[in-house]
Amino acid sequence: MSVLVYIDYVPATRQPRQESITIVDVAREIASKLGTDVEGVLVNSVVVATKMRDMKILPRIYNIRLKNVPEGTYIPTLFGDALVEFCKKRNIEVLLFPATQRCREIAPYVAAKLDTGLVADVAELYVDERKEVIAVKPSFGENILAHIYIPDRKPKMFTVRASARKTPPPQYEQCELVHEEVSVPDSGKIEYVKSGQVYDPDIDILPERHDIVIGVGAGLSKESIDLIKAIAKKLGIGVGATKKITDKGILSTKFLIGESGKIIRPRIYVALGISGAPQHMTGVKDYEMLIAVNVDDRAPILNYSTHFYKSDANELVRKIAELVLR
Ligand SMILES: Cc1cc2nc3c(=O)[nH]c(=O)nc-3n(C[C@H](O)[C@H](O)[C@H](O)COP(=O)(O)OP(=O)(O)OC[C@H]3O[C@@H](n4cnc5c(N)ncnc54)[C@H](O)[C@@H]3O)c2cc1C
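Every value quoted in this text rests on a predicted model; they were computed, and no experiment measured them.

## What about the site of the ligand?
And then number 1: In the vicinity of the ligand, 28 residues are found, and the nearest of them are G217, G219, G258, S275 and H280.
And then number 2: Of the residues belonging to the shell around the ligand, the class tally is nine nonpolar, 14 polar and five charged.

Here it is, written out as structure tokens:
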């Protein structure tokens, strides 16, 4: 019996996604509470499997090879079918996926084919006194925390928002790397054309990558937010945003913090022009310092702040930009 964690990676660069590494922390915790093994699985990349092996954060990694599909190629149905065939041969108690875009695509497909249950976009997982794995999900605008379990089905599947977790330390002297070939029924029908890397100019300022994050809200103008991005790039810090900002398209949802976005654990969060709605604040955990700048000294963000300044945040951004960007 095992807890299996699916390792998602960027096919073009053959790098495991950070969420695939941080979710190992969750998997190890659950496996230790259930008293089972913990293992990792990925599809069709010797390079990624080797990188994961060298981290020694799991005792065993399976690389499922796909015949006739070049390494670095992502085809969701083939990846899903490969996982299904792999799981059918094993006694897997729990199958965890990081809640990445790709896994949100594969996990429901695999769950349907294995005729099992899936809880998606889970914020926390724990094991109760009956040894049931319970998923916690905020629902109804953060008013309810739903505790969900999957009865009578295996593997119990979850996509987990683990980006706020830390990279787990190496725990095993050696990690065994097992290459396994599976035959996937439809692989002959798909013709590989080519794959490439999409360059993301914002990669260096994504909020989950930093200890210091500037959060931007509706109190800031678009010009100020553009300046914040430039300041963050220069200083090597992260940028987060409220839903009002991502809904207007000023920043993309990869910056969204909160119930509908990312959960982060920065050391310092600087909230500029953010009111402090619970749906946003649920995404900012365990900070040591929260500095808020708001024109309204009755804004709810005051209750979360270690330092509060009643001030025009746009004016402040202009001044900081003059100092940092000149
Ligand atoms: C189901 C559901 C899910 C949601 N999920 C999310 C989520 O994941 N993340 C999220 O962020 N929101 C989410 N929301 C929306 C959330 O409820 C709030 O509407 C949103 O967080 C508010 O964003 P804001 O603080 O930028 O805007 P506002 O609430 O409008 O606050 C703007 C603040 O800026 C201040 N201000 C104005 N001008 C200035 C100035 N010049 N200088 C300084 N301060 C100024 C104002 O006093 C105010 O406090 C969700 C809502 C629902 C219903």
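Once you've had a look at it, read on.
## Comments concerning the domain arrangement of the protein
And then number 1: When the domains of the protein are assigned, the result is domain 1 (2–189) and domain 2 (203–325).
And then number 2: Computed from C-alpha atoms alone, the centre-to-centre distance between domain 1 and domain 2 is 32 Å.

## Examining the sheet that holds strand 4 (residues 37–43)
Strands belonging to one sheet form pairs held by backbone hydrogen bonds; the direction of such a pair is parallel or antiparallel.
And then number 1: Pairing is parallel in the open sheet, where seven strands are placed in the order 7-11-6-1-4-5-12. Of all the strands in the sheet, just strand 7 (118–122) and strand 12 (176–182) have a single pairing partner and so form its edges. Pairs of neighbouring strands in the sheet enclose a mean axial angle of 25°, with direction left out of account.
And then number 2: Bridge analysis of strand 4 against strand 5 (residues 60–66) gives four bridges, and the strand direction is parallel. Opposite V41, over in strand 5, you have Y62 as the bridge partner.
And then number 3: Helix-sheet contacts for helix 2 (residues 46–55) involve strand 4, strand 5 and strand 12, and the interaxial angle to strand 5 is about 180°.
And then number 4: Along the sheet, helix 3 (residues 76–88) contacts strand 4, strand 5, strand 6 (92–98) and strand 12; its crossing angle with strand 5, the most-contacted strand, is approximately 125°.

## Description of the sheet that holds strand 15 (residues 268–272)
And then number 1: Strand order across the open sheet formed by five strands is 14-13-15-16-17, with parallel pairing between neighbours. Since the sheet does not close on itself, it has two edges, and those belong to strand 14 (238–241) and strand 17 (307–310), each with one partner. Adjacent strand axes in the sheet meet at a mean angle of 15°, parallel and antiparallel pairs treated alike.
And then number 2: In this sheet, strand 17 lies alongside strand 16 (residues 289–294) in parallel orientation, the contact comprising four bridges. Paired with V293 across the two strands is Y309, which belongs to strand 17.

## With respect to helix 3
And then number 1: The first and last C-alpha atoms of helix 3 sit 18 Å apart over 13 residues, in line with the 18 Å expected at 1.5 Å per residue.
And then number 2: Those residues of helix 3 lying buried are L78, F79, G80, D81, A82, L83 and C87.
And then number 3: Among the structural elements, strand 4, strand 5, strand 6, helix 4 (101–114) and strand 12 are those in contact with the buried residues of helix 3.

## So, the packing of helix 5 (residues 222–235) against helix 8 (residues 313–325)
When two helices pack together, their arrangement is given by the angle between the helix axes and the distance between those axes.
And then number 1: One can describe the packing of helix 5 onto helix 8 by two numbers: an axis separation of 10 Å at closest approach and a directional angle of 35°. Crossing handedness for the pair helix 5 and helix 8: left-handed. Contacts from S224, L227, I228, A230, I231, K234 and L235 of helix 5 reach helix 8 at N314, V317, I320, A321, V324 and L325.
And then number 2: Here the residues of the contact of helix 5 with helix 8 sort into ten nonpolar, two polar and one charged.

## Re the packing of helix 3 against helix 4
And then number 1: Orientation of helix 3 relative to helix 4, taken along the N-to-C sense of each, is 45°, at an axis distance of 9 Å. Compared by their axis directions, helix 3 and helix 4 come out oblique. Between helix 3 and helix 4 lies a crossing of right-handed hand. Across the interface between the two elements, P76, F79, G80, L83, V84 and C87 from helix 3 touch E105, I106, Y109, V110, K113 and L114 from helix 4.

## What to know about the pairing of strand 5
And then number 1: Among the seven residues that make up strand 5, five are buried, leaving the element largely enclosed by the rest of the structure.
And then number 2: With respect to chirality, the unit in which strand 4 leads through helix 2 into the neighbouring parallel strand 5 is right-handed.
And then number 3: Pairing geometry for strand 5 and strand 12, over seven bridges, is parallel. The partner of Y62 across the bridge, within strand 12, is V178.

Rules and cut-offs
Residues numbered from 1 in each chain as written. Predicted model: local features only at pLDDT ≥ 70, side-chain atom pairs only at ≥ 80, totals over all residues. Near = placed C-beta within 6 Å. Nonpolar A, V, L, I, M, F, W, Y, C, P; charged D, E, K, R; others polar. Domains from an automatic or database assignment. Pairing = 2+ DSSP bridges. Helix = DSSP H or I, 4+ residues; strand = E, 2+ residues; numbered from the N terminus. Axes fitted to C-alpha atoms, helices over the stretch in contact; angles between N-to-C directions. Contact = placed C-beta atoms within 7 Å. Expected span 1.5 Å × (residues − 1). Buried ≥ 20, exposed ≤ 12 C-beta atoms within 10 Å, placed from the backbone. Left-handed = near helix turned anticlockwise from the far one by under 90°. Parallel < 35°, antiparallel > 145°, perpendicular 65-115°, else oblique. Right-handed = clockwise from strand over helix to strand, strands pointing away.

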